[in-house]
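Observations on the three-dimensional arrangement
Residue-level listing of the chains:
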Amino acid sequence: MALAEIPDGGDEGVDVLAGVVEGERGADGAFDAEAAEDWLGAVVAGANGDALAVERGADVFGAIAVEDEGEDTGFFAGGSVGQGLGFEVDDGGVLGVGGDREEEEEKRKDNAEAQRALRCAEKRWDGHGVPCPCDFVCGQKDEKALPDSYIDYDPKPREYTLCGISSVVNVHTRVSDIYSNPFDQIREQLRLNIENVKENQENELVNNTDYGLLNNVPTSQRIQTRKGAPTPDDLDELLTKVWKEPSFFLAHPRAIAAFGRECTRRGVPPPTVTLFGTPFLTWRGIPLVPTDKLHVDGKKTPKGSAGKTNILLLRVGEKKQGVIGLFQPGLPGEQTPGLSVRFMGIDNRAIASYLISLYCSAAVLVGDAIASLEDVEVGSYHDYK
């Protein structure tokens, strides 16, 4: 086997000409395969019965063989296959283009290692996104080879884009000059607007279609109430979904009230705990934190007494592999993490403008860091005797 120059006037039907290989006969008219066994990958029939060798690890291409001064010559179309494969050939033959053998061998080894890692990684997952234990040995008393394991990773992890919430506060300089005692008008108006921005932030963290907590609960972490109203049994069932260091329940105030009624009916009133100077109901030592962003029938303040909502249970914190908040640090005019206030100037009407920007998002690091109790009925009441 030898590389040869591409003859002039190549076949127009071949789009890519990658090289030419000539098949040569030995003294007895046959190709000596054993003499080339250190690099031979396959031997296929060429035109006119000549034997053509494909180098181990070399790229192999579909070819059209032509006659050139009595020798079999092939024009190659670009492509590549692995080592030691068999080929169905016609009289035109299939020829191999040999490259740098050491480089090709390294490529082959890398590819084999990658395939091996992939096969091993497939065994590490149970098909539901839950990692399986790695292979290991315990109490080994001989010299058997240790099992191999690969920790799987996501080659295309999810990318989170921070959500920007912006607002502009306009304050007439006459107002800020005359009415800033005893209250600073600019500071107070900015404070009120920032509170509205943070209310919107809280709503997005819960209900956003992309990163909102409600839309990022895995299907396996969603359960239904037993009888509609939130009972102690329902919250116990929710705790079985987030049993590793749960942080708090998140529920609408009416859902918490409904849970309290069910506890009272059963004679097990939930204890309270004081956090940040505020008392919270607890269950199994886990506080129930109220928020009106978990809507009842899609509304923050439903008019009727009945309705359905959800209760969330979260594990929070990066170290606990739980739910974390994302923000942009180091903003110009930063007031709190992710929130900045910047002066935009005074226009020709003597109105001063201030830009309020907040960037936020949330991420659920592990699927079992969040669970949802769905279809919670908040309109159940009881007569106590």
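Check the entry above for the structure.
Here's what I pulled together on the structure shown here. Note that the structure is a prediction, hence the values are computed from the model and not measured.

Summing up its helical and strand segments, the chain has five helices and 19 strands in all. With 385 residues in all, the chain has 35% of them scored as buried. Counting only carbon and sulfur atoms, one obtains 50% of the accessible surface of the chain, whose full area is about 23300 Å².

Attention shifts here to the environment of threonine 231. When you line up the elements, threonine 231 lands in the loop between strand 9 (222-224) and helix 4 (232-239). Classification of threonine 231 as buried rests on a relative accessible area of 3%. Residues threonine 231 and valine 376, spaced 145 residues apart in sequence, show a C-alpha to C-alpha distance of 9.5 Å. Aside from chain neighbours lying at most four places away, what touches threonine 231 is Arg226, Phe259, Glu262 and Arg266.

With mixed pairing, seven strands are arranged side by side in an open sheet as 9-19-14-10-13-12-11. Lying at the two open borders of the sheet, with one neighbouring strand each, are strand 9 and strand 11 (272-275). Each strand of the sheet is rotated relative to its neighbour by a mean of 30°, with strand direction disregarded. When strand 10 (residues 248-251) meets strand 14 (residues 308-314), the two strands line up antiparallel, connected through three bridges. Bridge pairing in strand 14 places phenylalanine 248 opposite leucine 314. Lying over the sheet, helix 5 (residues 253-265) contacts strand 10, strand 12 (278-283), strand 13 (286-290), strand 14 and strand 19 (370-377), oriented at roughly 135° with respect to strand 13.

Let us look at the packing of aromatic side chains. As enumerated under the stated definition, the model contains two aromatic pairs in all. When the ring of phenylalanine 259 is compared with that of tryptophan 283, the centres are 5.6 Å apart and the planes differ by 80°; the resulting orientation is edge-to-face. Taken together, the residues phenylalanine 259 in helix 5 and tryptophan 283 in strand 12 connect sequence positions 24 residues apart. Just as phenylalanine 259 is buried, tryptophan 283 falls in that class too. On the numbers, 5.2 Å between centres and 50° between planes, the contact of phenylalanine 343 with tyrosine 354 is tilted. In this pair, phenylalanine 343 sits in strand 17 (residues 339-346) while tyrosine 354 sits in strand 18 (residues 351-364), placing the two residues 11 residues apart along the sequence. Residue class for tyrosine 354 comes out buried when judged on its relative accessible area of 13%.

Looking now at the environment of serine 357. Locating serine 357 in the fold gives a position in strand 18. Put simply, serine 357 and isoleucine 194 are 163 residues apart on the chain and 9.1 Å apart in space, counted from C-alpha to C-alpha. Non-local contacts of serine 357, meaning those with residues more than four positions away in its chain, are made with Ile165, Ser166, Gly338, Leu339, Ser340 and Arg342.

Core analysis: the biggest nonpolar cluster contains 21 residues, and Leu235, Leu238, Phe249, Trp283 and Ile311 have the highest contact counts within it. Secondary structure elements with two or more residues in this core: helix 4, strand 10, helix 5, strand 13, strand 14 and strand 19. It is helix 5 that contributes the most residues to this core, four residues altogether. Judged by nonpolar contacts, the second largest core, of 16 residues, contains Cys163, Val169, Leu190 and Leu339.

The end-to-end C-alpha separation of helix 3 (residues 185-207) is 33 Å, in line with the 33 Å expected for 23 residues at 1.5 Å each. Listing the buried residues of helix 3 in full gives Leu190, Asn193, Ile194, Val197, Glu204 and Val206. Against strand 8 (163-172), strand 17 and strand 18 lie the buried residues of helix 3.

We now examine the side chain of serine 372. On the secondary structure map, serine 372 appears in strand 19. A residue is classified by how much of its surface remains accessible, and serine 372, at 0% relative accessible area, is buried. Once residues lying within four places of it in the same chain are set aside, the contact partners of serine 372 are Val217, Gln221, Arg222, Ile223, Leu238, Asn310, Ile311 and Leu312.

You can see arginine 254 is positioned in helix 5. We note that arginine 254 is buried and unpaired, the nearest opposite charge coming from glutamate 377 at a distance of 6.7 Å. Residues within four places of arginine 254 in sequence aside, it is in contact with Pro302, Gly304, Ser305, Ala306 and Val378.

Here we take up the pattern of salt bridges. By the definition in use, this model includes 13 salt bridges. Aspartate 236 is the salt-bridge partner of arginine 284, the closest N and O atoms lying 2.9 Å from each other. A residue pair is termed long-range when its members are at least 10 positions apart, and arginine 284 in the loop between strand 12 and strand 13 and aspartate 236 in helix 4 qualify at 48 residues. The partly exposed category is assigned to aspartate 236, whose relative accessible area is 22%. Residues glutamate 262 and arginine 266 are paired through a salt bridge, measuring 2.9 Å at the closest nitrogen-oxygen approach. Within this structure, Glu199, Glu202, Asp292 and Lys293 form a network of salt bridges that share partners.

Calculation rules
- Residues numbered from 1 in each chain as written.
- Predicted model: local features only at pLDDT ≥ 70, side-chain atom pairs only at ≥ 80, totals over all residues.
- Heavy atoms only, no water.
- Helix = DSSP H or I, 4+ residues; strand = E, 2+ residues; numbered from the N terminus.
- Buried < 20%, exposed > 50% of the residue type's maximum accessible area, 1.4 Å probe, protein only.
- Areas by Shrake-Rupley, 256 points an atom, 1.4 Å probe, with all protein chains shown as cover.
- Contact = heavy atoms within 4.5 Å.
- Pairing = 2+ DSSP bridges.
- Axes fitted to C-alpha atoms, helices over the stretch in contact; angles between N-to-C directions.
- Phe/Tyr/Trp six-rings, centres within 6.5 Å; stacked < 30°, edge-to-face > 60°.
- Core = buried A, V, L, I, M, F, W, Y, C linked by side-chain atoms within 4.5 Å.
- Expected span 1.5 Å × (residues − 1).
- Lys, Arg positive; Asp, Glu negative; His and termini not counted.
- Salt bridge = Lys/Arg side-chain N within 4 Å of Asp/Glu carboxyl O.

On their own, these measurements won't tell you what the molecule is for.
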